[in-house]
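Examination of the molecular architecture
Given next are the chains, with one letter for each unit.
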2 protein chains.
Amino acid sequence: MPQPTPRRTCASLIAFADALLQAAGMPPDKAAAVADILVDGDLMGHTTHGLQLLPSYLREVETQSMQVAGGPEVISESPATLTWDGRRLPGPWLVLRAMEAATAKAKRCGTGTVVIRKSHHIACLASYHRRATDQGLLMILASSDANSASVAPFGGLEPVFTPNPISVGIPTPGLPIVTDISTSATTNGLTNRLHQDGGKLPAAWVIDGHGQASDDPAVLFKEPKGTILPLGGLDSGHKGYGLALMVEALTGGLAGFGRADPKQGWGATVFLQLIDPGAFAGSDAFLRQMGEVARQCHAARPADPRRPVRLPGEKGLQLAQRQRQEGVTLHPGLLEALAPWAEKLKVALP
Amino acid sequence: MPQPTPRRTCASLIAFADALLQAAGMPPDKAAAVADILVDGDLMGHTTHGLQLLPSYLREVETQSMQVAGGPEVISESPATLTWDGRRLPGPWLVLRAMEAATAKAKRCGTGTVVIRKSHHIACLASYHRRATDQGLLMILASSDANSASVAPFGGLEPVFTPNPISVGIPTPGLPIVTDISTSATTNGLTNRLHQDGGKLPAAWVIDGHGQASDDPAVLFKEPKGTILPLGGLDSGHKGYGLALMVEALTGGLAGFGRADPKQGWGATVFLQLIDPGAFAGSDAFLRQMGEVARQCHAARPADPRRPVRLPGEKGLQLAQRQRQEGVTLHPGLLEALAPWAEKLKVALP
């Protein structure tokens, strides 16, 4: 097992990722967007979706599976909506640009929705919300990737879906609420990592190729291959299945590109919607309600007296604040995985 | 136990409900909307959210907790959004009218969103979608009721949320996909009915007042009172909790009315959004993708060879089709519960 790495400053990590991406050929604005969003993932403790993705991203740039030049093509636009072909450009850069477009639409129309086909991977969905909630806007962000499938429909043994995450950022008078959940019982990132490390899942979140529930991610890699269960597992998996289909419709359906088309390689189809509470009952009224809901959640007597009830995202946002000041603890093995790229691209390790 | 009732024709049930509601003082357009939507619930087999609600609705009309005169007040309107105060008018009538407004907005702006505060109860969410999907539109419908709370935040023992359902209707080249899920592990309707009948839940979907998971709905009625678990239960309940908060933000937050206000009695805060795939990559492209996703789900090898994989809503829509032709099987005891109202309001039983 690799040793835990010492802390690094947030700025040094962003500069390092930025330098690597630029050295690989990515223009400065795109490299900055990708570096920011990846390090945001690590700051919040989502280490499977932070800098751990960078070696894969660099490999994709090298093989030109990730494009670096130019911008998205507009497929269609209406007052409150916009559809892009992302031309396999870096996902974090596309999403940040899409958020700007959606924000402008939300301010005019109340809501702004952008759908992107053929985006490259978009990293950690929770990384994006703060930029919306700081402006008082609510954001819904969902994605799927028709290039792969690991989650079976409820009652089935063959995979149709990716974990199809849906993530929401909600302004409150305090820290925003940031949910980021896969509509499956667990993710590819976690099952891959635990399988490599020989670990087990916290509960029976996968089924083997015969339909037997298991906590062993190894069943995903043995023939007949197992699949990840939909959220809700064997007794309520119809709910995760329904949510997976909702995400599929909002992404692949609206984008008009997905599981009916030839595979294009690792990527993402993205749905994002910005909602301006000011266009409904007003921003103050929104914050008053969400402040009360947050208060009631925090005030609820905890099942375990040592673990007070938290809001989704609270732990991550507090960790990010602390790590911004005190430095970032990286997942063991991360810098070892990046070292060959640092050497190859002649960028000093942080 | 009451005996199963014989079948009734769909038309006779609608006419019966309509006559009862009109006899109770509801104007014809509102009575027709409520009767239609309630019977749609029974047609699809959602018997806790069909005509079983009618005695409660009639009682609410009688006590004037449900209003019958006039229309909603506009709180705000923007090109793609509309916010109503529903003035405690009948929920099904408000939702059907809101769908018309949202459809017009979606056709102009790509999406149309309507939020309703102070609606009365809106019955079965799955009942509404066919009217949108038949026009090729996708609909998202969610609701909460700040008047009550039965679901605790994840890790907590005190209830903050209602089951906060989210329901989606998705056009496909075949039957539409209609998901209707509570973001909690189970619903008030099911736990109440099972508690009355002395039954048990299919899995440990509730916790007692000490945080112990249970399949016995009785723990919700004993002191210290238990709560319904969020979707995902003890190992993944943070996901249901996140979804409950999303619904709370889209309903009470955007409506600016909810848990921060004095209780107004049984009702609903409603979020509905119509999305026109024609404004994105086009309706044909949407149907092509969703047709392929539906095909892959149906084609997936089933875990139990006797139970082929179905799409959400498929069983209900097929049952509705059959019951429209062959008559509707009512939940045992339903007509007995309606008989006193029929007598009082001088309406013949169907």
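Residues numbered from 1 in each chain as written. Chains lettered and ligands numbered in written order. Predicted model: local features only at pLDDT ≥ 70, side-chain atom pairs only at ≥ 80, totals over all residues. Heavy atoms only, no water.

A closer look at helix α9 (residues 314-326) of chain A
All names here are of chain A. Between the first and last C-alpha of α9 there are 18 Å, a value that for 13 residues agrees with the 18 Å anticipated at 1.5 Å per step. Buried within α9 we find E314, G316, L317, A320 and Q323. Those residues of α9 that are buried are in contact with α2 (28-43), α5 (130-133), β6 (177-181) and α8 (283-299). G327, located one to two residues past α9, shows a positive phi value of around 100 degrees. (Helix = DSSP H or I, 4+ residues; strand = E, 2+ residues; numbered from the N terminus. Expected span 1.5 Å × (residues − 1). Buried < 20%, exposed > 50% of the residue type's maximum accessible area, 1.4 Å probe, protein only. Contact = heavy atoms within 4.5 Å.)

Looking at the interface of chain A and chain B
Accessible area lost when the parts come together is the quantity often used to give the size of an interface. Chain A puts 85 residues into the contact, and the matching count from chain B is 85 residues. Roughly 6500 Å² is buried in total at the junction of chain A and chain B, and carbon and sulfur atoms are behind 67% of that figure. When the buried surface of chain A facing chain B is broken down by residue, K239, F280 and R301 of chain A rank first, second and third, together holding 11% of it. Where chain A touches chain B, the interface holds four salt bridges. For the pair chain A and chain B, the interface holds 40 residue pairs in polar contact (both at pLDDT 80 or more). (Buried area = accessible area lost by both parts, 1.4 Å probe. Salt bridge = Lys/Arg side-chain N within 4 Å of Asp/Glu carboxyl O. Polar contact = N/O pair within 3.5 Å; in protein donor to acceptor, adjacent residues only side chain to side chain.)

What to know about the environment of F221 of chain B
Residues and elements named next belong to chain B. Here F221 shows up in the loop between β8 (213-214) and β9 (227-228). For F221, a relative accessible area of 39% translates into the label partly exposed. Once the C-alpha coordinates of F221 and C124 are considered, the two residues, 97 residues apart in sequence, prove to be 25 Å apart. When residues no more than four places from it in sequence are discounted, the contact partners of F221 are T191, N192 and H195.

Quick word on the relation of the copies chain A and chain B
With an RMSD of 0.0 Å, chain A superimposes on chain B once it is rotated by 180 degrees and translated 0.0 Å along the axis. What we have between these two chains is a two-fold relation. The position closest to the rotation axis in chain A is occupied by the C-alpha of G232 of chain A, lying 2.5 Å away. Both copies present the same face, since 100% of the interface residues in chain A are matched by interface residues at the equivalent positions in chain B. (Least-squares fit on C-alpha atoms with pLDDT ≥ 70 in both.)

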